[in-house]
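So the chains spell out like this:
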Amino acid sequence: MKKFDINVGVTELSYDELTPEELELVNAAREATHRAYAPYSHFYVGAAIRLDNGVIVPGSNQENAAFPSGTCAERSACYYAGARYPEARFKAIAVTARGADGNELDEPASPCGACRQALVEYEHLAGHDVPVYMAARNKIYKLDSVSALLPFTFTEF
Ligand code: THU
């Protein structure tokens, strides 16, 4: 028998430790929370994906009265990026959320399991690690890759 651990490296950053490029991406995700359509959960999620063509694609959660028909911010962003810029590859992803009181969260929002699976496929397409920034009111967690969020990723290729 052999036991082993899988470790996830997380870098905690303050806003003033972000590079201008990182801050731009995180701010795009923060702005996107204001475009969430979340009348049921009142949980306003924003995502932003930087592509290698220079474009930042934002996304927000879009809910529906038939609950499972809605989609998360991360998937609205990554599927729009794939649909609009099929040749572009992902460079970085940011996600954040505001709660029912409208305020940014104390702890960083992290993508749900389905979004991790969706995002990791675009990381594989990129052929390199895609960092993930998970932002809260006063701190940001940076992971070096999407796959760090999803050990034992299911993949067809
Ligand atoms: N949500 C996201 O947008 N991203 C996640 O990774 C987790 C959850 C949304 C879905 C739903 O609109 C609301 O947050 C509450 O679950």
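Before going into details, it helps to say that this report is about the structure given with it. (Residues numbered from 1 in each chain as written. Predicted model: local features only at pLDDT ≥ 70, side-chain atom pairs only at ≥ 80, totals over all residues. Heavy atoms only, no water.)

Quick word on the site of the ligand
Line of reasoning, step 1. Ser41, Phe43, Val45, Asn61, Glu63, Cys72, Ala73, Glu74, Ser110, Pro111 and Cys112 make up every residue found near the ligand.
Line of reasoning, step 2. Within the contact set of the ligand, an oxygen atom lies 2.9 Å away from a side-chain nitrogen or oxygen of Asn61.
Line of reasoning, step 3. Within the side chain of Glu74, a nitrogen or oxygen atom sits 2.8 Å from a nitrogen atom of the ligand.
Line of reasoning, step 4. Across the complex, the protein chains shield 74% of the 370 Å² of accessible surface that the ligand would expose by itself. (Near = heavy atom within 4 Å. Polar contact = N/O pair within 3.5 Å; in protein donor to acceptor, adjacent residues only side chain to side chain. Areas by Shrake-Rupley, 256 points an atom, 1.4 Å probe, with all protein chains shown as cover.)

Quick notes on the sheet that holds strand β6 (residues 140-143)
Line of reasoning, step 1. As summarised here, the arrangement of the six strands in space is β1-β6-β5-β4-β2-β3, forming an open sheet in which the pairing is mixed. Of all the strands in the sheet, the pair left with one neighbour each is β1 (10-13) and β3 (56-60). Across the sheet, the mean angle from the axis of one strand to that of its neighbour is 20 degrees, orientation sign disregarded.
Line of reasoning, step 2. Where strand β4 (residues 90-98) and strand β5 (residues 132-135) come together, four bridges link them in parallel fashion. Of the residues in β5, the one forming a bridge with Thr96 is Ala135.
Line of reasoning, step 3. Against the sheet, helix α1 (residues 20-32) contacts β2 (44-51), β3, β4, β5 and β6, and its axis sits at roughly 145 degrees relative to β2. (Pairing = 2+ DSSP bridges. Helix = DSSP H or I, 4+ residues; strand = E, 2+ residues; numbered from the N terminus. Axes fitted to C-alpha atoms, helices over the stretch in contact; angles between N-to-C directions. Contact = heavy atoms within 4.5 Å.)

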